[in-house]
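Reading the structure
The residues making up each chain are set out below.
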Amino acid sequence: MEVDLMRTRDEVSADKLRGGFYSPDVLVELCIRRSAELLDGRSELRVLEPSAGDGAFLRGIGRSDIARRVRTVEAVEIFAEEAAKAAGALDATGVQGRVVNQNVLQWSQGRDSDFDWVLANPPYVRFQFISDEDKQRAKEISSGLGTAGTSVSNLWIPVFLLSLSKLQDGGVFSVILPTEFLTGISANAVRNWLLANTTDLTIDLFKPGSFPSVLQEVLILSGRTSKGAISPSTIQFHDHNGGIRSWSHTVAPGAGTWTNYLLSPGQNDALAAVRSISTVGSLSSVARFSVSTVTGANGYFCVDSEQIKAYALEEWAIPLLPRSRHAEGLVFTTEEQQALADADQPAWLLSFAATKSSPEAHESARQYLDEGVRQEIDQRFKCRVRTPWYRVPVVPAGDLLLSKRSNRYPRVISNHAKVVTTDTIYKGQILAGAPITADDFTAAFHNSLTMLSAEVEGRSFGGGVLELVPSEVSALQVPVVPGAASELAKLDEISRTSEDPEALIEATDEALIRLIPALDAQTMSALSDARLTLMDRRLQRTQSKFYG
């Protein structure tokens, strides 16, 4: 499964641009209940709602017994129409306070940290859709809280941090956040800040689809601010998917993503235990994967045989695997590449390298370049910064290929055809001195341990897509098994013929149980269960409705 994850402002709905997805009552009420547990009967509460929307949290306060303990509410909402709705909701509660029609990033400047309670559903707006002024304000907020230098991808991060920074010591918060709080790289500074500045953290987990028409999976994060927070912290988890399951994890700063804490302690312990097996190591110890050729216009530079013939481009055409889905097995051969070419697939990459004759000196090839100019290919960013614009810096073929994005799990392919790829597929090489070959690596790769570490290390997006960047690929846990290539033919056949998407994983697990005594059947079963837990949660995003 391959998707385009970045869209322009014109392609995104008005609701998404404003982060305008409001909080279902059931989540509001749980936020208030979690907060009440932490407030310990305190009264005269000063409440902050930094992204009030149409007043969902204000209505929730009005419905609850806690309303009589509230002294005042300060609610902030940037859109005038919604601020008016929120003001009406506040008036209906009978609680004192005001709704401020202002940008919360501006509102926060110079404000004292004197609130007792924060309730929030911070706006989920990607940074490419906010103003330069707000980006600068967000940087200043991060700098003031000691989280500067971290790449921030979404507005919810600075709004969340500034909201908690307005709490006095011991103040309580309960907020609705996207589950990328646990799994996103850009949220790492947020997680570490929480461990250093809060206590009594609780995370409530829900199915994807908690907001109608929004793909983001959400959670509720509750806790208490504390200047004397002690690390590591114990975090309570409650999963509301089909009943309520609860567990806790002890988490230390610098833990990276918290994806593995979505697992039960027993599952997490199984993953930690296999790291001590001598024949298991990080992928970076035996192989290196990197980005393949970036053309700037794949539809133009990746061509089929008919285009090659029509424009006499044979001199500049090199064999290409256009997408990982075009390779059915674990081995990609020269015969398969030729079959793609015969089927009029874009099985060739145009390489107008300086070591070859200039296409401008050949009439037919020059016509193809002219067609590119007519289509304004030369004006695309990657093309216009090259001289000449059509000279793509081709990355040489790797011995291994790895899908960048995947549905159920990432797939490694042994590149017997020595084809090049574009940046939808990573190229890989076995490191010099490593005790295994590319075929050994491929045969052992698709196992429950490695696929579980892909779920833990990778990031997921709307629709359930799993993506790995090169640094995450390097961190994958892989079995290092010299001679595993003896299993490759059988596993390749399963990959090509089985209709069961789990058959390859199961067969690889069985092979590794024979080849690595420490990876016994019980251990592999625990790893398989853990991997399915995370994968199923991710894939639910394609079909789930709001939880009941």
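In what follows, the accompanying structure is described.

Quick notes on the rules
- Residues numbered from 1 in each chain as written.
- Predicted model: local features only at pLDDT ≥ 70, side-chain atom pairs only at ≥ 80, totals over all residues.
- Heavy atoms only, no water.
- Phe/Tyr/Trp six-rings, centres within 6.5 Å; stacked < 30°, edge-to-face > 60°.
- Helix = DSSP H or I, 4+ residues; strand = E, 2+ residues; numbered from the N terminus.
- Buried < 20%, exposed > 50% of the residue type's maximum accessible area, 1.4 Å probe, protein only.
- Salt bridge = Lys/Arg side-chain N within 4 Å of Asp/Glu carboxyl O.
- Axes fitted to C-alpha atoms, helices over the stretch in contact; angles between N-to-C directions.
- Left-handed = near helix turned anticlockwise from the far one by under 90°.
- Contact = heavy atoms within 4.5 Å.
- Nonpolar A, V, L, I, M, F, W, Y, C, P; charged D, E, K, R; others polar.
- Pairing = 2+ DSSP bridges.
- Polar contact = N/O pair within 3.5 Å; in protein donor to acceptor, adjacent residues only side chain to side chain.

Re the packing of aromatic side chains
- Inspection of every chain in the model, using the stated rule, returns 15 aromatic pairs.
- Note on F181 and W258: the rings are 5.6 Å apart at their centroids and 80° apart in plane angle, and the pair reads as edge-to-face. Of this pair, F181 sits in helix α8 (residues 180-183) while W258 is found in the loop between β9 (245-251) and α10 (265-274), placing the two residues 77 residues apart along the sequence. Exposure class is identical for F181 and W258. Each is buried.
- With a centroid separation of 6.0 Å and an interplanar angle of 40°, the aromatic rings of F289 and F441 are classed as tilted. Residue F289 is found in strand β11 (residues 287-290), and its partner F441 is found in helix α16 (residues 438-445); the two are separated by 152 residues along the sequence.

Describing the pattern of salt bridges
- In total, this model carries 25 salt bridges according to the counting rule given.
- R34 is the salt-bridge partner of E37, the closest N and O atoms lying 3.6 Å from each other. Here E37 and its partner R34 are both found in helix α2 (residues 25-39), three residues apart, which amounts to about one turn of the helix.
- On the basis of relative accessibility, which here comes to 48%, the residue E37 falls in the partly exposed class.
- Measuring nitrogen to oxygen at the nearest pair gives 2.6 Å for the salt bridge that ties E371 to R374.

Some details on the packing of helix α17 (residues 448-457) against helix α21 (residues 521-539)
- Close contact between α17 and α21 brings their axes to 9 Å; oriented N to C, the two are set at 35°. For α17 against α21, the interelement crossing comes out left-handed. Between α17, through S448, L449, M451, L452, E455 and V456, and α21, the contact on the second element is made entirely by M524, L527, S528, A530, R531, L534, M535 and R538.
- Its residues placed into classes, the contact of α17 with α21 shows nine nonpolar, two polar and three charged.

Considerations on the pairing of strand β5 (residues 167-178)
- Here β5 lies mainly inside the structure; ten of its twelve residues are buried.
- Alignment of strand β4 (residues 115-120) against β5, held across five bridges, turns out to be parallel. Note on β5: the bridge partner recorded for A120 is V175.
- In this structure, β5 lies alongside strand β7 (residues 218-225), joined through seven bridges in antiparallel fashion. In the strand pairing of β7, S174 is matched with S222.

Re the environment of E472
- Relative to the helices and strands, E472 resides in helix α18 (residues 470-474).
- Ignoring any residue separated from it by four or fewer positions in sequence, one finds E472 in contact with I185, E457, G458, R459 and E467.
- A polar side-chain atom of E472 sits 2.6 Å from a polar atom in the side chain of R459.

Describing the environment of E306
- Along the polypeptide, E306 turns up in helix α12 (residues 305-310).
- By relative accessible area, which is 55% here, E306 ends up exposed.
- Sequence separation of E306 and P346 is 40 residues, and the distance between their C-alpha atoms is 9.5 Å.

Keep in mind these numbers describe shape, not what the thing actually does.
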